[in-house]
Amino acid sequence: MPTLEAQVPALREIAENSNAWPFQEARKIVARLTKQRKDEVVFETGYGPSGLPHIGTFGEVARTTMVRHAFRVLTEDKIKTRLIAFSDDMDGLRKVPDNVPNREMMAQHLGKPLSRVPDPFSNEYPSFGAANNARLRAFLDHFGFEYEFLSSTECYASGRFDATLMRVLEHFDTVMEIMLPSLREERAQTYSPFLPISPRTGIVLQVPILEHDAGAGTITYEEPENKERVTTLVTGGRAKLQWKPDWAMRWVALGVDYEMAGKDLIDSVRLSGEVCRALGGTPPEGFNYELFLDEQGQKISKSKGNGLTIDEWLRYASPESLSLFMYREPKAAKRLYFDVIPRHVDEYQQFLEAYERQDLRQRLSNPVWHIHSGNPPKPDMPISFSMLLTLVASSNAENAETLWGFIGRYRPGVTPQTHPKFDALVRYAIHYFRDFVLPQKRFREPSESERAALLDLRDALAQLPADASAEDIQQVVYEVGRREPFLDKTGKIKTKDGKPGVALDWFNMLYQVLLGQEKGPRFGSFVALYGLNNTIDMIDGALARSA
């Protein structure tokens, strides 16, 4: 992790009073330590490898990392911390995911632990669980997270959970008393916190437990296929727990102090907390974040593959913009679809630029401070993402070289070599335009009054010198727009020179008629970047189309 700003004397004092949500969460852990002293604080995130890692998985790790860093600041890094990324790869495969190949093959292994289901993607990994675990670790590494990966299968099989599993067996009846009221009557008839793994079929069995012997460390059940009575140890990976008792057992076994969860798991967190206390542990601190929704307003799901994947976001935007999306309003439901990307790319840059002007108190409330663990980079984006998208749309650029021709003229000295992050932004813009903007381009025809205004704008731009500034161009655009039907009639738009304001309809018309899109960046800045002659040609083309 980057070196903390702990050498700044005021940092801890400001952090203790900051309203930024990572500090609010971190203060809960500090309060916890006053009641239960520890030399190390353990943060945990959970991953169910029944499907490919999705953005929700990233969000949980990113947000937990932000809380971890805030805790380190509050404690001046004097208490050791760990972040465990835990994979529930011993869960049984309940259904075949919709978004994987070789589904018929996978259907033959329903009920088996994910770590014993063959890899449907290739022969590269020993199991479906291992393949998804590898993808999880690859994306965590790509984002530079500091974490310790743990596999449920390995923890059960190695004996790491044995002592706590024995504690669950000792409190079997108490755990049942906690869990049974939460179940439907039919489910309660067969429920057991322990799920034996059949030595015959390898399936995780959901069967009633006929006997349990804490002294011997065993449970007895009836094998469903042949009705044979079987007694097995609960240790050494021969059985696993139902997921709510499993969650509680994990908190105790690993000493977890902080874990957040989705809002849909509020009842599960409560029940697991009760089981944790029954085992003599203290449930971790945390909060319930809201869910991410797809284009249709449905919860995103690993098995369905709806919503955005991490790879999809990173095709169109930077990792930092994704982190900003995760930082904001974690307790509010958010639509996670492609159209949220451009705004977060530009707003990340705006926060980065604002950081340079802020005092320490303001910086600790700035998202980039939390995204970059207190050490954000210098802002270095000479043109906004929305401007790049408009430039691609106007020039129909098929490659980065074409765009760089415009950029080099507008910002002399800015090259792919001097600004590698901006070069990446150029490629993001081309991808986004091709996949989302181009298919939706719809040029509308101007009305007679709009045609007249466009002709006047064309003539006014033609009178400007070739090196006219973006501000000079913008003033010309305003001046031409000061006419019916574009005059502001609300009186809300104030101008420095006292002249009448111009309604947004004027600027919306320019983008709808000239570029075939609903909105765009500041028009004067766009013209300065695209070039006066190119803009005049664009206006001529639009007028010719609608003649």
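For the structure, check the block above.
Residues numbered from 1 in each chain as written. Predicted model: local features only at pLDDT ≥ 70, side-chain atom pairs only at ≥ 80, totals over all residues. Heavy atoms only, no water.

Let us now look at the packing of helix α17 (residues 385-395) against helix α23 (residues 523-530). Viewed as axis vectors pointing N to C, α17 and α23 meet at an angle of 55°, and their least axial separation amounts to 10 Å. Judged on the interaxial angle alone, α23 and α17 are oblique. As for how α17 packs across α23, the hand of that crossing is right-handed. Touching Met 387, Thr 390, Leu 391, Ser 394 and Ser 395 of α17 are Ser 525, Phe 526, Leu 529 and Tyr 530, all from α23. (Axes fitted to C-alpha atoms, helices over the stretch in contact; angles between N-to-C directions. Helix = DSSP H or I, 4+ residues; strand = E, 2+ residues; numbered from the N terminus. Parallel < 35°, antiparallel > 145°, perpendicular 65-115°, else oblique. Left-handed = near helix turned anticlockwise from the far one by under 90°. Contact = heavy atoms within 4.5 Å.)

Moving on to the layout of surface pockets. Over the atoms a probe the size of a water molecule is rolled, and this reveals where empty space is left. Taken as a whole, the second largest pocket encloses approximately 590 Å³ of empty space. Forming the boundary of the second largest pocket are 22 residues, of which Asp 339, Pro 342, Leu 389, Tyr 432 and Val 437 lie nearest the centre. No other element matches the four residues that helix α19 (residues 420-437) contributes to the lining of the second largest pocket. Of the residues assigned to the lining of the second largest pocket, the class counts are nine nonpolar, six polar and seven charged. (1 Å grid on protein atoms, 1.4 Å probe; cavity = no way out; pocket = protein on both sides within 12 Å on 5 of 7 lines; lining within 4 Å. Points joined across faces, edges and corners; volume = space filled by probe spheres on them. Nonpolar A, V, L, I, M, F, W, Y, C, P; charged D, E, K, R; others polar.)

Here the focus is the side chain of Glu 320. By secondary structure assignment, the location of Glu 320 is in helix α13 (residues 319-327). It is Lys 421 that comes nearest to the buried, bridge-free Glu 320 among opposite-charge side chains, at 4.2 Å. (Buried < 20%, exposed > 50% of the residue type's maximum accessible area, 1.4 Å probe, protein only. Lys, Arg positive; Asp, Glu negative; His and termini not counted. Salt bridge = Lys/Arg side-chain N within 4 Å of Asp/Glu carboxyl O.)

Scanning the entire structure with this criterion turns up 34 salt bridges. Where Lys 38 meets Asp 257, a salt bridge forms, and the shortest distance between an N and an O atom there is 2.6 Å. Highlighted residues: Lys 38 in the loop between α2 (21-35) and β1 (40-47) and Asp 257 in strand β9 (residues 256-258), separated in sequence by 219 residues. For Asp 257, a relative accessible area of 1% puts it in the buried group. Here Glu 347 makes a salt bridge to Arg 328, at a shortest N to O gap of 2.3 Å. Separated by 19 residues along the polypeptide, Glu 347 in helix α14 (residues 341-355) and Arg 328 in the loop between α13 and β13 (334-335) bring together distant segments of the chain. You can call Glu 347 buried: its relative accessible area is 18%. Exposure remark for Arg 328: the relative accessible area of 22% places this residue in the partly exposed category. Among the charged side chains, a network of salt bridges with common partners joins Arg 12, Glu 16, Glu 76 and Lys 78.

Buried residues dominate β1, accounting for six of its eight residues. Viewed along the sheet, the connection from β1 through helix α3 (residues 55-74) into strand β2 (residues 80-87) turns out right-handed. Two strands pair when backbone bridges link them, and β1 and β9 are joined in this way by two bridges, in the parallel orientation. For Phe 43, the partnering residue across the bridge sits in β9 and is Tyr 258. (Right-handed = clockwise from strand over helix to strand, strands pointing away. Pairing = 2+ DSSP bridges.)

Moving on: α3. The terminal C-alpha atoms of α3 lie 29 Å apart, and with 20 residues this matches the ideal 28 Å at 1.5 Å per residue to within 8%. Just beyond α3, the residue with positive phi is Glu 76, at close to 55°. (Expected span 1.5 Å × (residues − 1).)

Take the pairing of strand β5 (residues 209-213) next. As paired elements, β5 and strand β6 (residues 218-222) share four bridges and run antiparallel to each other. Counted as the bridge partner of Glu 211 is Thr 220 from β6.

Further remarks concern the sheet that holds β5. In spatial order, the strands read β5-β6-β7; together these three strands make up an open sheet with antiparallel pairing. Of all the strands in the sheet, the pair left with one neighbour each is β5 and β7 (229-233). Shown here is a sheet whose adjacent strand axes are inclined to one another by a mean of 20°, direction ignored.

Soluble, globular proteins show a tendency: their nonpolar side chains are buried together. Ranked by internal contacts, the top residues of the largest apolar core, which has 118 residues, are Trp 313, Trp 506, Leu 510, Leu 514 and Phe 523. If sequence neighbours within four positions are ignored, Trp 506 has contacts with Ala 453, Leu 457, Val 477, Val 480, Gly 481 and Phe 486. With 42 residues, the next largest nonpolar core counts Val 42, Val 168, Val 207 and Ile 209 among its residues. (Core = buried A, V, L, I, M, F, W, Y, C linked by side-chain atoms within 4.5 Å.)

Here we take up the packing of aromatic side chains. Summed over the entire model, instances satisfying the criterion amount to 32 aromatic pairs. Taking 4.5 Å as the distance between ring centres and 50° as the angle between the ring planes, the aromatic pair formed by Phe 58 and Phe 143 counts as tilted. You can see Phe 58 sitting in helix α3 and its partner Phe 143 sitting in the loop between α5 (128-142) and β3 (148-151), a full 85 residues away along the chain. Classification of Phe 58 as buried rests on a relative accessible area of 0%. (Phe/Tyr/Trp six-rings, centres within 6.5 Å; stacked < 30°, edge-to-face > 60°.)

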